[in-house]
Amino acid sequence: SLPFPNLGSLTSREMDAADLDVSLEPLHYKRLEQLRILNAAVLPVRFPNSFYDDCVKSSSDSTVLAHLDDLLVGAVATRVEKASKSEGEGEQGARLYIGSVCVLAPYRNRGIGGKLIAKCLAAAEAWGDENIKDAYLHVQTSNEEAAKFYEKYGFVKQRVIENYYKRIDPPHAVLMVRPFVYPPSTPSIQV
C-alpha cells in the first residue's frame, strides 16, 4: 500500500479551507467555460479546446471543481489517454493524465489543492478499471514546491523532459507518475 495522507485528520490550513465551505464537484459540460477561464487566469500554459473536450468525454468525474458559493476557486483537469509504448514497459491500457491543478491566489495554501487532487485520484481509483495503470502529470523543473506537493499524494519523479513547454522559461518539465494498485478494496485516498 502506498503512503497517502489521511484527509480525515485535517491540518489547520485544511481546516481554513473547510471553514470556507468549499464544495467539490465533478465537471459538468455547463461549467467547462469556467474551467477554461480559471486555467487561463492561473497557469502560464494554454490548453487546446480538444483538452477540455476530452476532460468532459473521458474523465468528467476525475476532473473536479472547487466552488466557494458560486465562485470557482480551484480545479483539477484530467483526461484518460491510451498508454503508449514509448512511455516505458510498453504496457497496454490507459493512463489518467492530470493536465492542470490550479487554485486562485487568494485561496492558496488553504488545503484546497490537496482536496482537489485527493478527490480526483479517489474518483479514478473508484472506477476499478485495471486498464488504467497510473496517473501522471508534468511539473516545470523550477517548481520544486509543486513537485513536493504531488509527492505527498504518491507521485514519483520519473524523468526530465527537455523543452516540454513552448512559451515559458525554463521550458523543461519533470514527469511525475503515481501508480494505481488494484483491486482497491477501499480507495487509498479518503475525500
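It should be noted that the structure appears before, not after, this text.
Residues numbered from 1 in each chain as written. Predicted model: local features only at pLDDT ≥ 70, side-chain atom pairs only at ≥ 80, totals over all residues. Heavy atoms only, no water.

> It is not clear to me how the pattern of salt bridges should be interpreted in this structure. Could you clarify?
Two side chains of opposite charge can pair, provided their charged atoms sit close to one another. Scanning the entire structure with this criterion turns up seven salt bridges. Across the pair arginine 36 and glutamate 33 runs a salt bridge, and its minimum N-O distance is 3.2 Å. One end of the pair is arginine 36 and the other is glutamate 33, both in helix α2 (residues 32–42) and three residues apart, which spans about a single turn. Residue glutamate 33 is classed as partly exposed on the basis of its relative accessible area, which comes to 46%. Of the charged contacts in the structure, one is a salt bridge between glutamate 81 and arginine 79, with a shortest N-O distance of 2.7 Å. (Salt bridge = Lys/Arg side-chain N within 4 Å of Asp/Glu carboxyl O. Helix = DSSP H or I, 4+ residues; strand = E, 2+ residues; numbered from the N terminus. Buried < 20%, exposed > 50% of the residue type's maximum accessible area, 1.4 Å probe, protein only.)

> Would you mind showing me how to read the packing of aromatic side chains here?
Here the distance between the centres and the angle between the planes together describe a pair of aromatic rings. Using the criterion set out here, one finds nine aromatic pairs in the structure. Residues tyrosine 164 and tyrosine 165 carry aromatic rings whose centres are separated by 4.9 Å and whose planes lie at 85° to one another, so their mutual orientation is edge-to-face. Through successive ring pairs, a cluster of aromatic residues spans Phe47, Phe51, Tyr52, Tyr97 and Tyr136. A cation sits over an aromatic face here: arginine 95 above tyrosine 136, 4.2 Å from the ring centre. (Phe/Tyr/Trp six-rings, centres within 6.5 Å; stacked < 30°, edge-to-face > 60°. Lys NZ or Arg CZ within 6 Å of the ring centre and 35° of its normal.)

> How should unusual backbone geometry be read in this particular structure?
Trans is the common state for peptide bonds, and a negative phi is the common state for residues other than glycine. The amide bond that connects aspartate 169 to the next residue, proline 170, takes the cis arrangement and shows omega of 0°. Mapped onto the elements of the fold, proline 170 is located in the loop between β6 (156–161) and β7 (173–179). The phi angle at aspartate 69 is positive, at roughly 55°, despite the residue not being glycine. Within the fold, aspartate 69 resides in the loop between β2 (64–68) and β3 (71–82). Given the relative accessible area of 67%, aspartate 69 is considered exposed. One non-glycine residue, asparagine 163, lies in positive phi territory at about 55°. Checked against the element boundaries, asparagine 163 lands in the loop between β6 and β7.

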